[in-house]
Amino acid sequence: MEASRTDSLWDEFSSALNRAGFPVSGAVDYSRAKGLYATHAHRYRDWVNSGNHGEMGYLERGLARRLDPALVFPELQSVIAVLKPYPPHPVGDESLRYARYLNGPDYHETMKAGLEQAFSELRQTGLLPEGFRYKICVDTSAVLERTWAALCGIGWIGKNTLLIHPVLGSYVFLGVVFTNASFGRDPVLLKDYCGNCTRCLKACPTEALRSHELDSRKCISYLTLEKRGEWREAIPTSGFVAGCDLCQEACPYNLKIVKSTPPCDEASHLIKDATVLETETESAYRERVFGTALERVKYADFQRNFRATPRGSRKE
Ligand code: B12
């Protein structure tokens, strides 16, 4: 396809994505990004080989597919990346809190629905290329979402390993779409604006972060969300019963967005009343987390997290 046609095709896609709730999107042709992608996929391999993934076996099992994205989507021609901000305000306080991304419906569903909506609109208006096929990946496939998002130019990878958008910060979900269409686009790398700042590294009480790399085994988010069973040693949970935002809270790019975003309600499934959690049964827990991203955390592990916060520090 000639350059002006692929440019206008991408303009149509990006407008439809914007209307579907994704204020920032980008695209890159796989053939043009392959070399750069490979560098980061190799970093991923080294990261897993050094054991940084802890017990997240799916990260090990998906290694070959991450090294070769065509194994995930054989017709791969281009990759689209989108971001969607989530409420940047804290949920709870230092005695008992949840990571912000949990404050709302399950993002796997909402991101997928938004992307489907954009493609359906493009189909209805006859703007989808003939034979257009795609695969939506939101935490659901062996795909390096942050790497693709960075290659599509929708943010840079910060020292806390999160994708940071210069205006929207890092309280954003990512979605990646593999497609069989070409948009004729080169990788666009945003400048890394972290500079000399090391606030996120210092904010992590377990020293899980090295610059641009995370040791999951020490990360409170991993320990509260992904690690099953007993913790080998006590961790300072800082009140987090599910997930952790300490390395994001410290980021200057997020301080700005918190100030400029009006407060929103806290989802009712994020119970912060310690007396309720103290006696919550497994069936009550399952009912409250059903259909939310918190469903990933099993009852026994949620109770483990809850009980790890020193009772005395709780504000009743
Ligand atoms: C496994 C996982 C975790 C693990 C490991 C996290 C980690 N840092 O690796 C745990 C459970 C700890 C975790 C925690 C969180 N997660 Co998580 N997680 C994932 C998942 C499923 C895979 C990430 C992965 O492959 N990690 C392995 C490392 C090595 O890969 P990577 O982080 O992608 O890093 C690569 C890039 O950074 C790249 N790279 C580095 N520098 C550069 C520079 C350039 C120019 C380029 C091109 C690439 C590049 O190289 C690295 C190696 O390939 C992704 C979804 C997905 N499929 O990608 C969500 C995802 C990364 N998580 C997400 C979120 C929201 C979180 C939490 C904020 C949740 C919370 N509040 O508790 C925390 C943040 C903790 C942190 N500092 O990372 C979002 C991140 C959004 C964002 N703005 O970046 C994602 C993308 C899910 C989504 N679809 O929105 N997560």
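Engineer: Which parts of the structure should I look at to understand the side chain of E280?
Structural biologist: Tracing the chain through its elements places E280 in the loop between α11 (274-279) and α12 (282-289). Residue classification places E280 among the buried residues on the basis of a relative accessible area of 7%. Side-chain polar atoms of E280 contact the side chain of R288, separated by 2.7 Å. If near-sequence neighbours (up to four positions away) are discounted, E280 is found in contact with I271, Y285, R288, Y299 and Q303.

Engineer: Help me understand the nonpolar core in this model?
Structural biologist: As a rule of thumb, soluble globular proteins bury nonpolar side chains together. Residues F13, I80, Y98 and W148 are the most contacted members of the largest nonpolar core, which totals 97 residues. Considering every element that reaches this core, the biggest residue donor is helix α2 (residues 30-49), with seven residues. Split by domain, this core shows at least three residues from each of two domains, domain 1 (3-90 + 100-179) and domain 2 (199-313). Each residue touching I80, except ones within four places of it in the same chain, is listed here: W10, F13, L17, G26, A27, F119, C152, G175, V176, V177, T179 and F183. Residues W156, I164, C251 and Y253 belong to the second largest nonpolar core, which totals five residues.

Engineer: Sorry, what's going on with the sheet that holds strand β5 (residues 134-137) here?
Structural biologist: Where strands meet in a sheet, backbone hydrogen bonds hold them as pairs that are either parallel or antiparallel. In space, the four strands of this open sheet follow the order β1-β2-β8-β5, with antiparallel pairing throughout. Each of the sheet's edge strands pairs with one partner strand only, and the pair in question is β1 (24-29) and β5. Along the sheet, successive strands turn relative to each other by an average axial angle of 20°, direction set aside. For β1 and strand β2 (residues 78-85), the ladder comprises six bridges, and the chain directions are antiparallel. Paired with A27 across the two strands is I80, which belongs to β2. Sitting on the sheet, α2 touches β1 and β2, and the angle it makes with β1 is about 90°.

Engineer: I keep staring at the packing of aromatic side chains and nothing clicks. Help me out?
Structural biologist: Note on aromatic pairs: each is described by the distance of the centres and the angle between the planes. Taken as a whole, this structure holds 21 aromatic pairs when the rule is applied. Ring plane angle 55° and centroid distance 5.9 Å describe the contact between Y86 and Y171, whose orientation is recorded as tilted. In this pair, Y86 is assigned in the loop between β2 and β3 (91-93) and Y171 in the loop between β7 (163-164) and β8 (172-179), connecting sequence segments 85 residues apart. When sorted by exposure, Y86 lands in the same class as Y171, which is buried. Above the face of the F302 ring, R288 is positioned so that its terminal group lies 4.9 Å from the ring centre.

Engineer: How should I be thinking about the domain arrangement of the protein in this particular structure?
Structural biologist: How big an interface is tends to be stated in terms of the accessible area lost upon association of its parts. Along its sequence, the protein is carved into domain 1 (3-90 + 100-179) and domain 2 (199-313). Placing a centre on the C-alpha atoms of domain 1 and another on those of domain 2 gives a separation of 24 Å. Across the contact, 36 residues belong to domain 1 and 41 residues belong to domain 2. At the boundary of domain 1 with domain 2, total buried surface from both sides reaches about 3,100 Å², with 55% on carbon and sulfur atoms.

What counts and how
- Residues numbered from 1 in each chain as written.
- Predicted model: local features only at pLDDT ≥ 70, side-chain atom pairs only at ≥ 80, totals over all residues.
- Heavy atoms only, no water.
- Helix = DSSP H or I, 4+ residues; strand = E, 2+ residues; numbered from the N terminus.
- Buried < 20%, exposed > 50% of the residue type's maximum accessible area, 1.4 Å probe, protein only.
- Polar contact = N/O pair within 3.5 Å; in protein donor to acceptor, adjacent residues only side chain to side chain.
- Contact = heavy atoms within 4.5 Å.
- Core = buried A, V, L, I, M, F, W, Y, C linked by side-chain atoms within 4.5 Å.
- Domains from an automatic or database assignment.
- Pairing = 2+ DSSP bridges.
- Axes fitted to C-alpha atoms, helices over the stretch in contact; angles between N-to-C directions.
- Phe/Tyr/Trp six-rings, centres within 6.5 Å; stacked < 30°, edge-to-face > 60°.
- Lys NZ or Arg CZ within 6 Å of the ring centre and 35° of its normal.
- Buried area = accessible area lost by both parts, 1.4 Å probe.

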